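# Descriptive analysis of the structure
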Amino acid sequence: MWSRNRLFTFAPAVVALCLAAAGADAEDAAGAAAPPSGVPAPGTPEVDQAARFQAWLDEFRRQAAAQGISQATLDAALTGLQPLDRVLERDQSQPEFVQTFLDYLNKRVSDRRVEKGGEALAGQAERLGEAERRYGVPARYLVAFWGLETNYGGYLGDVPVVAALATLAYDARRPEFFRSQLLDALRIIDRGDVGAGDLVGSWAGAIGHMQFIPSTYLAYAVDGDGDGRVDLRNSLPDAIESAANYLHEAGWRSDQEWGLEVRLPDGFDASLAGLERRQPRAAWAALGLRRADGSPLADADEADSLVLPQGISGPAFLVSDNFRVILRWNRSLNYAIAVGHLADRLAGGAPLATGLQADNRPLSRDQMETVQKCLAALGYDPGTPDGIPGSRTRTAIRAYQKAAGLPADGYPSLSLLEHLEDTLLEQEQPLPDGTMISSDKGPA
């Protein structure tokens with residue numbers, strides 16, 4: 001594996017070294033001068049890394065040809081291919097802070113984005129209406145996805161998709177996944193939809209207005225403008241109809257909303273929240289839930305789940321099966337709520353009304369790792385302390401919260417970290433490295 005801090009921007013120099021190799025012995029014997037400054041000498045890590053990548057690429061080429069990719073596509077897409085520094089930098093970069101739900105939503109569903117979404121609804125009314133009639137997905141949801149993915153086409157990405165996917169397939173956390181995406185990118189080129197030089201997108205290989213990865217492109221993208229090919233970057237009709245087709249095939253129900261904001265009663269049992277639990281809206285009403293404006297919940301046939309993206313003190317939502325369809329597009333709860341809320345705002349809905357006074361201090365990854373270490377020290381099992389609040393960590397948090405008499409929402413926060421530290425001190429246990437001290441516990 002190459003160093004992730006220094007990649008291959010020197011292929012021409014490598015080629016020059018290879019061409020010079022035949023005459024190297026005679027020149028060495030005559031005391032030839034060292035290679036010019038900045039050119040890697042034979043046997044250096046840079047040259048070895050370049051050779052390893054080229055060997056991997058040659059083998060991938062053979063496998064792609066065996067799977068039916070044409071020689072013309074392989075030549076056009078893979079000749080002279082080099083890994084991209086910025087792709088691995090993005091893949092390996094970890095955010096310093098875990099963004100809170102409220103910060104996430106306020107950034108992505110701003111007044112300006114709602115305004116621009118209204119303009120997009122009006123400007124693309126005809127083709128959005130046609131997609132809605134054909135696939136049963138309301139126009140406002142299609143525009144919401146468009147707004148969240150690329151700010152209504154304002155930024156489609158500028159990274160060569162094949163090079164990005166090759167970089168990730170050769171050296172990444174999920175090489176097999178990205179290898180399959182690379183093969184699918186070549187299939188897109190091979191069938192004539194987009195030229196090799198025109199397949200440009202995000203650093204992770206997502207393409208076009210709706211940011212489809214290549215496998216999704218092949219499975220769900222459709223020709224919306226009738227020109228005989230699918231181009232999700234340069235054809236907005238293709239992009240809109242492809243998004244509608246994807247959501248339809250994923251199970252979108254035209255008779256159902258994504259969910260709604262609700263108000264919880266005092267003393268509500270937070271352990272009832274979670275996508276794994278569903279019950280009729282009447283059952284939630286019987287537990288004291290009301291609409292965000294305080295009015296009663298309207299009866300509905302579907303079974304809803306309750307999600308608390310910022311814990312018991314933050315906003316609360318009842319969500320439907322359509323919410324789960326949004327999660328198939330992107331597995332982030334925050335993302336799915338943002339799509340639904342933006343769609344509501346585009347229909348004239350109000351901004352959020354509840355949970356706005358929740359503790360909104362972000363939790364850094366190091367602090368999240370400390371939460372996990374504290375839980376382990378107290379006898380709970382959060383899994384390996386890695387700073388990522390997965391399901392095992394959230395289960396451990398709920399168990400600790402129940403034992404401590406706290407609302408068992410499973411939400412990691414600075415308030416929780418402070419409580420864990422206090423518990424360890426009360427039990428006269430040592431604090432894990434990296435825990436806060438009282439002077440570091442900034443304002444809520």
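To be clear, the structure that these remarks concern was listed above.
Anyway, here's the lowdown on the structure attached to this text. (Residues numbered from 1 in each chain as written. Predicted model: local features only at pLDDT ≥ 70, side-chain atom pairs only at ≥ 80, totals over all residues. Heavy atoms only, no water.)

What follows covers the overall build of the protein. Along the protein, the regular secondary structure elements total 19 helices and nine strands. Taken over 444 residues, the protein has a buried fraction of 48%. Long-range pairs, those at least 24 residues apart, make up 67% of the contacts in the protein with a sequence separation of at least 6. Counting every atom, the protein has about 21000 Å² of accessible surface; 50% of that belongs to carbon and sulfur. (Helix = DSSP H or I, 4+ residues; strand = E, 2+ residues; numbered from the N terminus. Buried < 20%, exposed > 50% of the residue type's maximum accessible area, 1.4 Å probe, protein only. Contact = heavy atoms within 4.5 Å. Areas by Shrake-Rupley, 256 points an atom, 1.4 Å probe, with all protein chains shown as cover.)

In this section: helix 4 (residues 71-78). Thr73, Leu74, Ala77 and Leu78 are the residues of helix 4 that are buried. Down the axis, helix 4 shows its buried residues gathered within 100° of arc, on one side only. Facing away from the buried side of helix 4 by over 90 degrees, the exposed positions are Ala72 and Ala76. With its phi angle positive at about 70°, Gly80 sits one or two positions after the end of helix 4. (Arc of directions from axis to C-beta.)

For helix 11 (residues 175-190), which comprises 16 residues, the first-to-last C-alpha distance of 22 Å matches the rise-based estimate of 22 Å (1.5 Å per residue) to within 8%. Every buried residue of helix 11 is accounted for by Phe178, Arg179, Gln181, Leu182, Leu183, Asp184, Ala185, Leu186, Ile188 and Ile189. Positive phi appears at Gly192, one or two residues downstream of helix 11, with a value of about 90°. (Expected span 1.5 Å × (residues − 1).)

Looking now at unusual backbone geometry. Even without a glycine there, the phi angle at Gln211 is positive, about 55°. Counting through the fold element by element, Gln211 comes out in the loop between strand 3 (200-201) and helix 12 (214-220). The backbone of Glu428 sits at a positive phi, close to 55°, despite the residue not being glycine. Secondary-structure assignment places Glu428 in the segment after helix 19 (414-426).

A few words now on the packing of aromatic side chains. Per the counting criterion, the structure on display carries 17 aromatic pairs. Geometrically, the ring pair formed by Tyr220 and Tyr246 is edge-to-face, given 4.9 Å between the ring centres and 85° between the ring planes. Taken together, the residues Tyr220 in helix 12 and Tyr246 in helix 13 (residues 236-249) connect sequence positions 26 residues apart. By relative accessible area, which is 22% here, Tyr220 ends up partly exposed. Since its relative accessible area comes to 9%, Tyr246 is described here as buried. Site record: aromatic cluster; members linked through ring pairs are Phe145, Phe212, Tyr220, Tyr246, Trp329 and Tyr335. (Phe/Tyr/Trp six-rings, centres within 6.5 Å; stacked < 30°, edge-to-face > 60°.)

Everything listed here is a matter of coordinates, which is why it stays silent on function.
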